[in-house]
Amino acid sequence: VQLVESGGGSVQPGGSLRLSCAASGFTVSSYAMTWVRQAPGKGLEWVSAINSGGGITSYADSVKGRFTISRDNAENTLYLQMNSLKPEDTAVYYCAKYISGWSHEYDYWGQGTQVTVSS
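Residues numbered from 1 in each chain as written. Predicted model: local features only at pLDDT ≥ 70, side-chain atom pairs only at ≥ 80, totals over all residues. Heavy atoms only, no water.

### Section: the nonpolar core
And then number 1: Counting 26 residues, the largest nonpolar core has Trp35, Phe67, Leu78, Leu80, Met82 and Tyr93 as the members making the most contacts within it.
And then number 2: Of all the secondary structure elements, the ones that give two or more residues to this core are strand E3 (17-24), strand E4 (33-38), strand E5 (44-50), strand E7 (67-72), strand E8 (77-82), strand E9 (91-98) and strand E11 (113-117). (Core = buried A, V, L, I, M, F, W, Y, C linked by side-chain atoms within 4.5 Å. Buried < 20%, exposed > 50% of the residue type's maximum accessible area, 1.4 Å probe, protein only. Helix = DSSP H or I, 4+ residues; strand = E, 2+ residues; numbered from the N terminus.)

Below, the structure written as structure tokens:
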């Protein structure tokens, strides 16, 4: 099993980025998936999740209305569209696979991609 994030970078406040998480070794549509971030000097913060069927998504209050999680089953890839970015969104973003169901327990993580929001 492998998860590889990409799409991070530096952007000005108000800008947008789309993060990708390419999965191998399992089918993303069979599991709930999540995005988690870690800001400099802080702990992990859960950002968003999507269930295995894709019909249920959930967001942290801090990103609700600005971020959208989605999945391309054909590409076996998870996405996070981030709009109206703020400096406080600066963090390393990780995707992770749920162990099962909607348990908020994860067994595989990507290596992370850096997002920096600064003027």
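### What about the environment of Ser24?
And then number 1: With respect to the helices and strands, the residue Ser24 is situated in strand E3.
And then number 2: Separated by 21 residues in the primary sequence, Ser24 and Glu45 place their C-alpha atoms 25 Å from one another.
And then number 3: The contacts of Ser24, once residues within four sequence positions are left out, are Val1, Gln2 and Asn76. (Contact = heavy atoms within 4.5 Å.)

### As for the pattern of salt bridges
And then number 1: Following the criterion strictly, the structure yields 5 salt bridges and no others.
And then number 2: Where Lys64 meets Asp61, a salt bridge forms, and the shortest distance between an N and an O atom there is 3.2 Å. Side by side, Lys64 and Asp61 carry an identical accessibility label, which is exposed.
And then number 3: One salt bridge in this structure joins Asp89 and Arg66, with 2.7 Å as the shortest N-O distance. (Salt bridge = Lys/Arg side-chain N within 4 Å of Asp/Glu carboxyl O.)

### Things to note about the environment of Ser48
And then number 1: Mapping Ser48 onto the fold places it in strand E5.
And then number 2: Of the residues examined, Ser48 reaches a relative accessible area of 0% and is grouped as buried.
And then number 3: The sequence separation of Ser48 and Met33 amounts to 15 residues, and the corresponding C-alpha distance is 8.6 Å.
And then number 4: For Ser48, the contacting residues outside a window of four places in its chain are Met33, Thr34, Trp35, Ser58, Tyr59, Ile69 and Leu80.
And then number 5: Within the structure, Ser48 has its side chain in polar contact with the backbone oxygen of Ser58 (distance 2.9 Å). (Polar contact = N/O pair within 3.5 Å; in protein donor to acceptor, adjacent residues only side chain to side chain.)

### Digging into the state of the cysteines
And then number 1: Overall, the coordinates contain 1 disulfide when judged by the stated rule.
And then number 2: Residue pairing for Cys21: its cysteine sulfur links by disulfide to Cys95, the two sulfurs lying 2.0 Å apart. Looking down the S-S bond of the Cys21 and Cys95 bridge, the torsion is 65°, so its handedness is right-handed. Of this pair, Cys21 sits in strand E3 while Cys95 sits in strand E9, and the two are 74 residues apart along the sequence.
And then number 3: What makes Cys21 buried here is its relative accessible area of 1%. (Disulfide = S-S within 2.5 Å.)

### Observations regarding the pairing of E8
And then number 1: Among the 6 residues of E8, 5 are classified as buried, and the element is accordingly described as predominantly covered.
And then number 2: Of the pairings in the sheet, the one linking E3 to E8 comprises 6 bridges and is antiparallel in character. Note on E8: the bridge partner recorded for Leu19 is Leu80. (Pairing = 2+ DSSP bridges.)

### Details of the packing of aromatic side chains
And then number 1: Applying the stated criterion across every chain, the model contains 5 aromatic pairs.
And then number 2: Taken together, a centroid distance of 6.3 Å and an interplanar angle of 80° make the contact between Tyr94 and Trp109 edge-to-face. Of the two residues, Tyr94 is situated in strand E9 and Trp109 in strand E10 (residues 106-109); the sequence distance between them amounts to 15 residues.
And then number 3: Between the aromatic rings of Tyr98 and Tyr106, the centroid separation amounts to 5.0 Å while the plane-to-plane angle is 75°, which identifies the pairing as edge-to-face.
And then number 4: Looking at Tyr98, the relative accessible area reads 0%, which means it is buried.
And then number 5: On the basis of relative accessibility, which here comes to 21%, the residue Tyr106 falls in the partly exposed class.
And then number 6: Positioned above the aromatic ring of Phe26, the side-chain terminus of Lys97 is 5.7 Å from the ring centre.
And then number 7: A cation over a ring is seen here: Lys97 above Tyr31, with NZ or CZ 3.9 Å from the ring centre. (Phe/Tyr/Trp six-rings, centres within 6.5 Å; stacked < 30°, edge-to-face > 60°. Lys NZ or Arg CZ within 6 Å of the ring centre and 35° of its normal.)

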